Amino acid sequence: MEFGSEEYLKKVKEVTNNDTKYIDMIKNENTSYTFIIDPEPENGVEKKIVLGYTIKNGIMDEIWLGEKNTDFVISGKYGVWVDLIIGKQSVTSAFLSRKLRISGEFSKILKLASPTEYWLKILRKIPTEFHGNYSKYNIRGE
Amino acid sequence: MGRITGGEILKRVLEKEGVRYVFGVPGDQLYPFLNALHESSIEFITFHDEASAAHAADAWARETGEIGVVTGTVGPGAANLVGGVYPAFTENIPMLVITAQNQTFRSYPDHGSMQALDQYALFKPITKWNAVINSWDRIVELTERAIRTALSEKPAPVHIDIPSDILHQTGEESHIILHDRENYREIKKSSGNDELIEKAVNMLLNAEKPLIHAGGGVIRSKASKELIELAEYLQVPVTTSISGRGSIPEDHPLCLIPQSYGAIGAQAEADLVLLIGSKLGDLDFFGRPPMWGDVENQKFIQIDISGEQIALNRPVDLAIVGDAKEVLKKILFLIKKKSKKREALKKNEEYKNYEKQWSSEFEELSESEKIPIHPLKAIKEIRKFYPRNAVSVVDGGNTTVWAHYINRVYEPGTFLSSSAGDSGHIGTGVPYAIGAKLAFPEKDVYCITGDGAFGYGVLELETAKRLGLQITFMVLDDNSWGMIKSGQTLYYEKKYVGVDFSEIRYDEIARAMGCYGEIVENPKDLRDALKRAKESGLPAVLDVKIDREQIPPDFQTLATIWLEGCEPPPKEELKETNAMKKI
């Protein structure tokens, strides 16, 4: 499934809401995110991907492609997102090394670092095809 | 009045300054100075290695606020001092380094003398000031100048290099005029510009989310009382640099442990930061976003003893040059005059909760009863065993990271660790503990050290034994350079190079030097072993065999920050490791 496609997002919502451990980890959270995935033409990734989602009481309520107002906006290069998804880099280290830029309440983002690491692990269940040169890191999924 | 040697003059200047100890390794070029110390209030403490002697002098200075004095002889003695002077230089510790030099007629430049070395050039980059004293008549002047320079503005080590013929030379005692401290150096520090202090007060009172960040300068100026009073009066959260740990108790409701989620959150979100006695160095992320706010949205007031330190890593909106304690006293006075004491804020409670969330994983791991012993379990037990005012010395790579998670600091001057400071110099643990115990004989001193780090100073156990110092050394023994091995585990598929030792029994080494030694392999035995160690009355080594597979949970984050700008290993080489599997 193409990374960042409608089909991919649908699957993200499904695997997220089926994972009881993750739901338990964020059970009292009500928040929303926008992820901006910046293109890397030098690596064959031409298009910018913007997606977002809301969490209501620990459940992924809505997920979309495009821009909306959200509590957090997190942006970074395509390759950084690939590193996060394949588990090469942790979310906290990406924040602290400024590979990801954040707008929103920083302490809350850090507080959610552990659940987010877990969530990325869940995403590895989804068969994922990355763009351009990153296709060599495609995930077979479960 | 009779004739006295250069060595005698040097001793007399040090006595006038109130020096209690000279740390060092003797050498024959130093004979006249050593002989002078035979009849002196100053005690010479001999070490097995000059670097260790310098570390002990460094610790003494950190703990007492007085200048640390260390000496070594020409050539190799001077060269070996370097490793001990460097951490003091990076962390602004006042130290007088005295080296003997070959005779004036055969040095500067040297022409092939044994042990010849350009010590002036050697110490230049790691001292604030240095001089070759090539005249008997200038020993008083230049030694006083060295002490004055070491202690003024931004403190730092200074170095005097004295040729042996000058130390041996005699002259009329009546020609020597010594001075009291107040006649040759600053005794009271500047209390800052009143107009700027008033501005700072207004900025603090008008800020919506102020934060105080306290560095080592707060500890050195003994400003903890004022810091805590200000924070409590305005209900401002306080973060500290690593060297500022202890300036406020780490269980205080307004204190946020360095690098915890609470601290980083508060630092990122504050609209005004009162930065006191800190340069915002590497371990403070250089004051950069995202760990701190953007320059446009976050104002900075900086108080520092040295104008040189102002805006070193980040521009400031208001700079006050002055002693932390004196400036804070004035700020407090004006704040109390202008405003009422504030009520506790919910936001501060939230930051404290973020901190708790950060530490909860570590607290959980510290309860482990597994064999081999989890490093956090051992650290938890030693912290619990000793009272709040015990001095904890931490040394090592991974050991320092583990200790940061749960070895809490509650009082100023109770935490020493150059491996958690700007030099990152491992091997300071044993001599630091000796320096600290000499400074505070009435306090308990314990040292948590990795086995690699312990190896640097292990022979100084004999020094501690000779001095009758009860210090407990807990060696977290993983038979390796654990931090580097962790990196090779995570990033290089366990292709280990240069990281493993053979089995060493540190408890047996201790016993061989007349100290107490015990091996600990079961977590259940830790507490009783600590009790036996303390009750022995001897320097004591607990060789704690720890789980070698453990890697600090945020090792990857730390490595990313330290290696910022370095190309990571190619992704093709990446294999899923235990650490990556861990969630």
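Positions within a chain are numbered from 1, following the residues in the order the chain's sequence is written. Following the order in which they are written, the chains are lettered starting with A and the ligands numbered starting with 1. Reporting in this predicted model follows two pLDDT cut-offs: at least 70 for local features of residues, and 80 or more for side-chain atom pairs to be given and counted; totals over whole chains, interfaces and linings ignore these cut-offs and use all residues.

### Some words on the overall build of chain A
Logical step 1: Broken down by element type, chain A carries six helices and five strands.
Logical step 2: Counting from the N terminus, the helices are DSSP H or I runs at least four residues long and the strands are E runs at least two residues long. Along chain A, helices and strands appear, N-terminal first, in the series α-α-β-β-β-β-α-α-β-α-α.
Logical step 3: With the radius of gyration taken over C-alpha atoms, the globule rule is written as 2.2 Å times the number of residues to the power 0.38. Relative to the globule expectation of 14 Å for 142 residues, the C-alpha radius of gyration of chain A, 14 Å, shows essentially globular dimensions.
Logical step 4: Along the first, second and third principal axes, the C-alpha atoms of chain A reach 40 × 30 × 25 Å.
Logical step 5: Looking at the 142 residues of chain A, the share that counts as buried comes to 35%.
Logical step 6: When contacts within chain A are restricted to residue pairs at least 6 apart in sequence, long-range pairs at least 24 apart make up 64% of them. Each residue is classed by its C-beta neighbour count within 10 Å, where at least 20 other C-beta atoms makes it buried, 12 or fewer makes it exposed, and intermediate counts make it partly exposed; the C-beta atoms are placed from backbone geometry. Any pair of residues counts as being in contact when their C-beta atoms, constructed from backbone geometry, are within 7 Å of one another.

### Concerning the interface of chain A and chain B
Logical step 1: Across the contact, 20 residues belong to chain A and 23 residues belong to chain B.
Logical step 2: Of all the secondary structure elements, the ones that give two or more residues to the side of chain A that touches chain B are helix H4 (91–96), helix H5 (106–111) and helix H6 (113–123) of chain A.
Logical step 3: Each residue receives one of three labels: charged for Asp, Glu, Lys and Arg, nonpolar for Ala, Val, Leu, Ile, Met, Phe, Trp, Tyr, Cys and Pro, and polar for the others, Gly being one of them. Partitioned by chemical class, the residues of the side of chain A that touches chain B number seven nonpolar, seven polar and six charged.

### What about the confidence of the model for chain B?
Residue and element names in this part refer to chain B.
Logical step 1: In the predicted model, chain B carries a mean pLDDT of 94, and 97% of its residues have values of at least 70.
Logical step 2: Counting interchain partners and residues more than four positions distant, the pLDDT-below-50 stretch residues 572–583 has 15 contacts.
Logical step 3: For this predicted complex, the interface confidence comes out at an ipTM of 0.74, alongside a pTM of 0.91. Confidence per residue, as judged by the predictor, is encoded in pLDDT with a range of 0 to 100.

### Here's the deal with the pairing of strand S17 (residues 445–450) of chain B
Two faces make up the sheet, and in a regular strand the side chains alternate between them.
Residues and elements named next belong to chain B.
Logical step 1: Of all six residues in S17, six are buried; the element is thus mostly enclosed.
Logical step 2: Going residue by residue along S17, you find Val 445, Cys 447 and Thr 449 tucked away on one face and Tyr 446, Ile 448 and Gly 450 tucked away on the opposite face as well.
Logical step 3: Alignment of strand S15 (residues 391–395) against S17, held across five bridges, turns out to be parallel. In the sheet register, Ser 392 faces S17, and the bridge partner there is Tyr 446. A pair of strands counts as paired when DSSP detects no fewer than two bridges linking them.

### Structural notes on the nonpolar core
Most often, soluble globular proteins have nonpolar side chains that are buried together.
Logical step 1: Nonpolar core, as used here: buried Ala, Val, Leu, Ile, Met, Phe, Trp, Tyr and Cys residues forming one set through C-beta atoms within 7 Å. Counting residues in hydrophobic clusters, the biggest one holds 114 residues, and the most contacted among them are Phe 23, Ala 57, Val 69, Val 85, Met 95, Leu 96 and Met 474 of chain B.
Logical step 2: Looking at this core, the element that brings in the most residues is helix H3 (residues 50–64) of chain B, giving eight residues.
Logical step 3: Met 474 of chain B has contacts with Ala 378, Ile 382, Tyr 446, Cys 447, Ile 448, Leu 542 and Val 544 of chain B, leaving out every residue within four places of it along the chain.
Logical step 4: By size, the runner-up hydrophobic cluster in this structure holds 77 residues, among which are Tyr 22 of chain A together with Ile 219, Leu 274 and Met 291 of chain B.

### What to know about the domain arrangement of chain B
Residues and elements named next belong to chain B.
Logical step 1: For chain B, the assigned domains are domain 1 (3–184), domain 2 (194–353) and domain 3 (366–581).
Logical step 2: Once you take the C-alpha centre of each, domain 1 and domain 2 turn out to be 37 Å apart.
Logical step 3: Contact residues are listed per partner, giving four residues for domain 1 and seven residues for domain 2.
Logical step 4: Here the residues of the side of domain 1 that touches domain 2 sort into no nonpolar, one polar and three charged. In this document the domain limits rely on a domain assignment from an automatic tool or a database.

### Digging into the sheet that holds strand S19 (residues 516–520) of chain B
All names here are of chain B.
Logical step 1: Spatially, S16-S15-S17-S18-S20-S19 is the arrangement adopted by the six strands of the open sheet, whose pairing is parallel. With partners counted over all chains shown, the strands left at the sheet margins are strand S16 (415–416) and S19, one partner each.
Logical step 2: As judged from the two bridges shared by S15 and S16, these two strands associate in the parallel manner. Bridging from a neighbouring strand, Val 393 pairs with Leu 416 of S16.
Logical step 3: For helices, the fitted line uses only the C-alpha atoms of the stretch in contact; every axis is such a line through C-alpha atoms, and the angle between N-to-C directions lies from 0 to 180 degrees. Packing against the sheet, helix H15 (residues 375–385) makes contact with S17, strand S18 (472–477) and strand S20 (540–545), and its axis sits at approximately 170 degrees to S18.

### Here's the deal with helix H1 (residues 6–17) of chain B
Residue and element names in this part refer to chain B.
Logical step 1: The end-to-end C-alpha distance of H1 is 17 Å, a good match for the 16 Å that twelve residues give at a rise of 1.5 Å each.
Logical step 2: Across the twelve residues that make up H1, a large majority, nine, are buried.
Logical step 3: The set of residues buried in H1 consists of Gly 6, Gly 7, Glu 8, Ile 9, Leu 10, Lys 11, Val 13, Leu 14 and Glu 17. An expected span of 1.5 Å times one less than the residue number is assigned to each helix.

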